[in-house]
Each structure stands twice: as C-alpha cells, then as structure tokens.
Amino acid sequence: MNLHLYIPSLFWSDTTIPEIYQDLYLPSLEKLLAKSKIEKTDTTDFSAWLCNTFKIEKQHDWPVAPVMLQTDKNNHITVSDKDYWLRADPVHLRVEQNHIMLADSNVFELTQDEAVQYTSAINQCLNDELLIVLPFHPSRWYIRLKDRPEIHTHTLSSATCQNINNLLPTGNDSGKWRKMFNEIQMLLHDHPLNLERATRNQIVINSVWFWGGGLLPQSIQPVYSNIWSDEPFSHALANFSLTPYKRLPDNIAQWLQEYRSENWQFIVLDSLLNHDKYNNALAWRENLKKLEKTWFTPLYTALKNNQIKTLKISTTNENAALNFIVTSNSLWKFWATIKPLSFYADNQT
C-alpha cells in the first residue's frame, strides 16, 4: 500500500529546550527519517493543514464549521449552502500578567446538559434572533448567519495555549464580534454553573472562541481510499468526501498483514499535539516512545518487506510543516547517515 501518516507535533515546538530529545531511543523513526526525501510546506496549523490536504479552499477563514457541522448536526437542522456557519466553542481564559491565555476542551469536560445551560444563558444575553449559539456537541458550538460577517478569525488550534491579545477577530465587523466576546465573558464570570464547577475543582467555562467560519464548500473528491483516525475533524472530512472512515487499529502489525491495497491510505496520529501545546514534556516523550514501538517499528518492517511501497510522514507545529517521503527502495541508501531526532528539530525552519 501507499500510506500517508500525519503526526502533528512530532517535533517539540519550543526550540529553546533541546534537552527534551536527550536519551530518546527511537531507532525505527530515525531510520525512516534518514532514508526520506524531505519537503517543507507552508501550512503549519492543524485544522488548516487538514483542510488543505483535502482540497478545501480557504474562504475568509478555513471553513471548519460547515464541514464539521455535517457530522455534528442533528436531524432537525436543515443546512443550506447559502448559510454561513461559525464555530463559537467553549473555552477557558486565564489572565497571566498582561496576557490572556486560552485553554480548549482538551483540558476540561462538558456534558451536553451543561452545554445547553451555557448556550441558553448566552442566547438570552445576546437577545438576537439572527444570532443563536447552537450546542450540537458539548464542546463544539455553532452560529448560523444569513450573511457572511466581514471578519477574519484564528483557528482554535492556533490560539490554544497562546496569548490571545493579538488573535481576536479583525476586519470591518470585528468591533461587533469583539463586543460580543466581552459580553459573553462578563455573563459567564458569575454563571451559577461555573460556581458549581469551581466547587468541584473543575475548570470553568468563561468565554467562547469564534473561528472556522464559512459556507459549505462544494462536494470534494476523495483524496484517499480509507481514513483511519480517532480525531473528530478528520472524521468529518472523511464523511464530507465520502471516504470510508475507521478508528485507529489496535494492532498495527496485524492490520498491515490483513489490509492489502495499492491505493493511498491516510492515518492521523494526533496524540502528541496537546502534550506539545500544553507544554507537557514528560507525556510527549512517553507518547513518542509508545509510537516508536506500536507504529514506527512495524511500519519500518513493512517497508523492508515491501508491504508498503511509499510512506509519507507529515508533521506540523507552530514553527514548520514538513513531509518525509520514504519508499521501500530508498531503505537501501546505505550512505544516508542515521541522525537523532534533535537534528531534524534544529532544522525545521
């Protein structure tokens, strides 16, 4: 088969901590990278990279909302290709000196009942029949608009664990949306549900993040024969492109033996991403060692045995986007020096 593997944050984003790679034993991964042709690309954001890979064009923003909506919406919602959809996801903001830092739903849990309570209060506060926050998923909320707002937003993945002072909406209509952003913060500050969550030592929801707006794109042609992932947006992209979707296999070696196809398969391994964003170095290292055992070693063996013809490993972080392309034939490049992972991290940009 031909396999495209997407692993965001394969390299640690903070380049000032080279010691994070110390004593990491990753022989299979290092061999794969050493035998690869390396390409640098421009799209470093997780959501944007997935859109770009699936040939979804950027509108004013990357249209994550209308694509994800196709998976999240209930049967009572009719989606028109003339409606503009925007995400308004629940987040936690924390003031640090003169910065405001954002945390997303990867560090808190919400029930559907809580999401309904929060959004009901927000809608009552906004008091606008044309602007209603819809909690189709506990951590993914939506707004449907008849007209496209003149704003540019930043994806939630690019704002997570960042100072948001310079990441708020810009554009001709940005004043209206920044005002709503502030009003929602004031409303949620003393919301009874947040007081309850605080007593249970749960992270409170004190804002929403507007992002991912757009019209539903034209139907897209499948890029891959199958998609294997546990990540929600890649699942939505599979549905939208009418591509068979499956959860990640438990036993990779067995999957390689059983699954035979000459077509391109796509796998998303996103387990490193949030450890990188939330600066959890130990968890990132341990997860990378697990990937070496469960993924990189079986894949290297499969390449040697010609079970895989071409393996493409793509990775992104806030610094760079890289593709490593290795074929079964290129494993014979005896002159290619095996280098530690830190070598590639130092040469990301």
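The preceding data block contains the structure.
What you see is a predicted model, and the numbers here were worked out from it, not measured in a lab.

Peer 1: It is not clear to me how the nonpolar core should be interpreted in this structure. Could you clarify?
Peer 2: Note on soluble globular proteins: their nonpolar side chains tend to be buried together. One finds Leu50, Ile143, Trp177, Trp209, Phe210, Phe233 and Phe266 to be the most contacted residues of the largest nonpolar core, which totals 64 residues. Broken down by element, this core gets its largest block of residues, 6 residues, from strand 3 (residues 84-96). The contacts of phenylalanine 233, once residues within four sequence positions are left out, are Ser47, Leu50, Cys51, Val64, Val67 and Met68. Counting 42 residues, the second largest nonpolar core, distinct from the first, contains Leu33, Leu248, Leu303 and Leu322.

Peer 1: Please clarify how the environment of serine 271 should be interpreted in this entry.
Peer 2: Mapped onto the fold, serine 271 is located in the loop between strand 10 (264-268) and helix 10 (273-277). The exposure class of serine 271 is partly exposed, given its relative accessible area of 33%. Excluding anything up to four places from it in sequence, serine 271 contacts Asn287 and Leu291. A polar atom in the side chain of serine 271 sits 2.6 Å from the side chain of asparagine 287.

Peer 1: I keep staring at the side chain of asparagine 194 and nothing clicks. Help me out?
Peer 2: Following the sequence through the fold, asparagine 194 ends up in helix 7 (residues 192-199). When residues no more than four places from it in sequence are discounted, the contact partners of asparagine 194 are Tyr118, Leu188, Val204, Ile205 and Asn206.

Peer 1: Even after reading the chapter, I still don't get the environment of cysteine 125, so can you show me in this structure?
Peer 2: Tracing the backbone through its elements, the reader meets cysteine 125 in helix 4 (residues 112-126). On the basis of relative accessible area, cysteine 125 is assigned to the partly exposed category, the value being 35%. Sequence separation between cysteine 125 and leucine 187 is 62 residues; the distance between their C-alpha atoms is 7.5 Å.

Peer 1: Help me understand the packing of aromatic side chains in this model?
Peer 2: Two numbers describe a pair of aromatic rings. These are the distance of the centres and the angle of the planes. On inspection of all chains with the given rule, the structure shows 19 aromatic pairs. Chaining the aromatic ring pairs together yields one cluster made of Tyr6, Phe46, Trp49, Phe54, Tyr224 and Phe266. Lying across the ring of tryptophan 228, lysine 246 places its NZ or CZ 5.1 Å from the centre. Seen from the ring of phenylalanine 343, lysine 339 lies directly overhead, with NZ or CZ sitting 5.0 Å from the centre.

Peer 1: Is there a simple way to think about the pattern of salt bridges in this case?
Peer 2: As a working rule, side chains carrying opposite charge can pair if their charged atoms are close by. Taken as a whole and judged by the stated rule, the model has 11 salt bridges. When the shortest N-O distance is used, the salt bridge between glutamate 114 and arginine 200 registers 3.4 Å. With glutamate 114 in helix 4 and arginine 200 in the loop between helix 7 and strand 7 (207-215), the pair connects residues that are 86 residues apart, well separated along the chain. For arginine 200, a relative accessible area of 42% translates into the label partly exposed. Note that aspartate 230 and arginine 247 form a salt bridge whose closest N and O atoms lie 2.6 Å from each other. Taken together, the positions of aspartate 230 in the loop between strand 8 (226-228) and helix 8 (232-240) and arginine 247 in the loop between strand 9 (245-246) and helix 9 (252-258) put the pair 17 residues apart, joining distant regions of the chain. A residue is classified by how much of its surface remains accessible, and arginine 247, at 55% relative accessible area, is exposed. Salt bridges linked by common partners bring Glu114, Glu196, Arg197 and Arg200 together as one network.

Peer 1: I'm lost on helix 4 in this one. Help?
Peer 2: Every α-helix winds through 3.6 residues per turn, so residues three or four apart in the chain are directed the same way. For helix 4, built from 15 residues, the straight-helix expectation of 21 Å at 1.5 Å per residue is met to within 8% by its first-to-last C-alpha distance of 21 Å. Every buried residue of helix 4 is listed here: Glu114, Ala115, Tyr118, Thr119, Ala121, Ile122, Asn123 and Leu126. Within two residues after helix 4, asparagine 127 carries a phi angle of roughly 50 degrees, on the positive side.

Peer 1: What is the right way to read the side chain of serine 229 from this model?
Peer 2: Its place among the elements puts serine 229 in the loop between strand 8 and helix 8. What makes serine 229 buried here is its relative accessible area of 0%. A distance of 2.9 Å separates the side chain of serine 229 from the backbone nitrogen of glutamate 231, its partner in a polar contact. The residues touching serine 229, leaving out its near neighbours within four places in the chain, are Ser234, Tyr245, Lys246, Arg247, Leu248 and Val268.

Peer 1: For this particular structure, what's the right way to read the packing of helix 4 against helix 7?
Peer 2: A pair of packed helices is characterised by two quantities: the angle between their axes and the separation of those axes. Packing of helix 4 against helix 7 brings their axes to within 10 Å, and their N-to-C directions diverge by 140 degrees. Relative to helix 7, helix 4 is oriented oblique. Judged by residue contacts, Glu114, Gln117 and Tyr118 of helix 4 engage Leu193, Asn194 and Arg197 from helix 7. Across the contact of helix 4 with helix 7, the residue classes tally to 2 nonpolar, 2 polar and 2 charged.

Peer 1: Would you mind going over the packing of helix 2 (residues 46-53) against helix 8 with me for this structure?
Peer 2: Across the interface, helix 2 lies against helix 8 with an axial gap of 11 Å and an inter-helix angle of 20 degrees. As the angle between them shows, helix 2 and helix 8 are arranged roughly parallel. Both helix 2 and helix 8 take part in a crossing whose hand is right-handed. The residues of helix 8 that touch helix 2, namely those facing Ser47, Leu50 and Cys51, are Phe233, Ser234 and Leu237. When grouped by side-chain class, the residues that make up the contact of helix 2 with helix 8 number 4 nonpolar, 2 polar and no charged.

Thresholds, definitions, all that
- Residues numbered from 1 in each chain as written.
- Predicted model: local features only at pLDDT ≥ 70, side-chain atom pairs only at ≥ 80, totals over all residues.
- Heavy atoms only, no water.
- Core = buried A, V, L, I, M, F, W, Y, C linked by side-chain atoms within 4.5 Å.
- Buried < 20%, exposed > 50% of the residue type's maximum accessible area, 1.4 Å probe, protein only.
- Helix = DSSP H or I, 4+ residues; strand = E, 2+ residues; numbered from the N terminus.
- Contact = heavy atoms within 4.5 Å.
- Polar contact = N/O pair within 3.5 Å; in protein donor to acceptor, adjacent residues only side chain to side chain.
- Phe/Tyr/Trp six-rings, centres within 6.5 Å; stacked < 30°, edge-to-face > 60°.
- Lys NZ or Arg CZ within 6 Å of the ring centre and 35° of its normal.
- Salt bridge = Lys/Arg side-chain N within 4 Å of Asp/Glu carboxyl O.
- Expected span 1.5 Å × (residues − 1).
- Axes fitted to C-alpha atoms, helices over the stretch in contact; angles between N-to-C directions.
- Parallel < 35°, antiparallel > 145°, perpendicular 65-115°, else oblique.
- Nonpolar A, V, L, I, M, F, W, Y, C, P; charged D, E, K, R; others polar.
- Left-handed = near helix turned anticlockwise from the far one by under 90°.

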